[in-house]
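The lines below spell out each chain.
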Amino acid sequence: MLPFPYRHTPPLGPRKPSARQRVLAQFRGFDLAPLEKIQAIRARQISAVLPNVLSELRIDRRRIEAEVVKVWNNLVDPAIVAHAQPTGLRKGTLFVSVDSNVWLSEIVRYRRKEILDRLQHSFGREFIARISFRVG
């Protein structure tokens, strides 16, 4: 152990800026070092941020909606697929656009229950509770 007068005492006051910080401050015309320190403290790893971002974007829900379109093409009769396509899913209701009134009448009268049962079997009753067909 060193004698008393040689003990290291930390300097008082703020640290001296590094050469990089001095050059950047000179180039910019003002010193951004305090702001850069604040931003560095707020920086987080992407693995900590990404789950929150994905949940806010509702990526899982959108992926399932895209899956509904794929399954629709394979699950429903090709004659119906040629004239009707799902356009959206909101609050348990699948919205389907049909290209003519004739096909709308055919689907609603004779095929609605069959289509709904097949989709509910694939995705669950809570995900697809109703189907709304529209001409468009």
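Below you will find a few notes about this structure. (Residues numbered from 1 in each chain as written. Predicted model: local features only at pLDDT ≥ 70, side-chain atom pairs only at ≥ 80, totals over all residues. Heavy atoms only, no water.)

### Looking at the sheet that holds strand 3 (residues 130–135)
And then number 1: Taking strand neighbours across the sheet as the criterion, the three strands line up as 1-2-3 in an open arrangement whose pairing is mixed. A strand with exactly one partner marks an edge of an open sheet, and here the two such strands are strand 1 (84–90) and strand 3. Between one strand and the next, the sheet's axes are offset by a mean angle of 25°, whatever the strand orientation.
And then number 2: Bridge count for strand 1 against strand 2 (residues 93–98) is six bridges, and the pairing is antiparallel. The residue bridging alanine 84 from the neighbouring strand is valine 98, located in strand 2. (Pairing = 2+ DSSP bridges. Helix = DSSP H or I, 4+ residues; strand = E, 2+ residues; numbered from the N terminus. Axes fitted to C-alpha atoms, helices over the stretch in contact; angles between N-to-C directions.)

### Details of a nonpolar patch on the surface
And then number 1: A contiguous nonpolar surface patch, about 500 Å² in accessible area, is contributed by Ile46, Leu50, Val53, Leu54, Leu57 and Ile59.
And then number 2: Sort the elements by how many residues they give to the nonpolar patch and helix 3 (residues 46–57) lands first, with five residues.
And then number 3: Along the chain, the position of isoleucine 59 falls in helix 4 (residues 59–75).
And then number 4: You can call isoleucine 59 partly exposed: its relative accessible area is 36%. (Patch = residues over 30% accessible without salt bridge, like charges linked within 9 Å, V, L, I, M, F, W, Y side chains within 5 Å. Areas by Shrake-Rupley, 256 points an atom, 1.4 Å probe, with all protein chains shown as cover. Salt bridge = Lys/Arg side-chain N within 4 Å of Asp/Glu carboxyl O. Buried < 20%, exposed > 50% of the residue type's maximum accessible area, 1.4 Å probe, protein only.)

### Quick word on the packing of aromatic side chains
And then number 1: What the rule picks out here adds up to one aromatic pair.
And then number 2: Ring plane angle 35° and centroid distance 6.0 Å describe the contact between phenylalanine 123 and phenylalanine 127, whose orientation is recorded as tilted.
And then number 3: Classification of phenylalanine 123 as buried rests on a relative accessible area of 19%.
And then number 4: For phenylalanine 127, a relative accessible area of 12% translates into the label buried. (Phe/Tyr/Trp six-rings, centres within 6.5 Å; stacked < 30°, edge-to-face > 60°.)

### Re the pairing of strand 2
And then number 1: Counting buried residues in strand 2 gives five out of six residues, a clear majority hidden from the surface.
And then number 2: Connecting the antiparallel pair strand 1 and strand 2 is a turn made up of two residues, with lysine 91 showing a positive phi of about 50°.
And then number 3: Here strand 2 runs beside strand 3; their pairing, made up of six bridges, is parallel. Within the sheet, the bridge partner assigned to valine 98 lies in strand 3 and is valine 135.
And then number 4: A crossover connection joins strand 2 to the parallel strand 3 through helix 6 (residues 101–123); in handedness this β-α-β unit is right-handed. (Right-handed = clockwise from strand over helix to strand, strands pointing away.)

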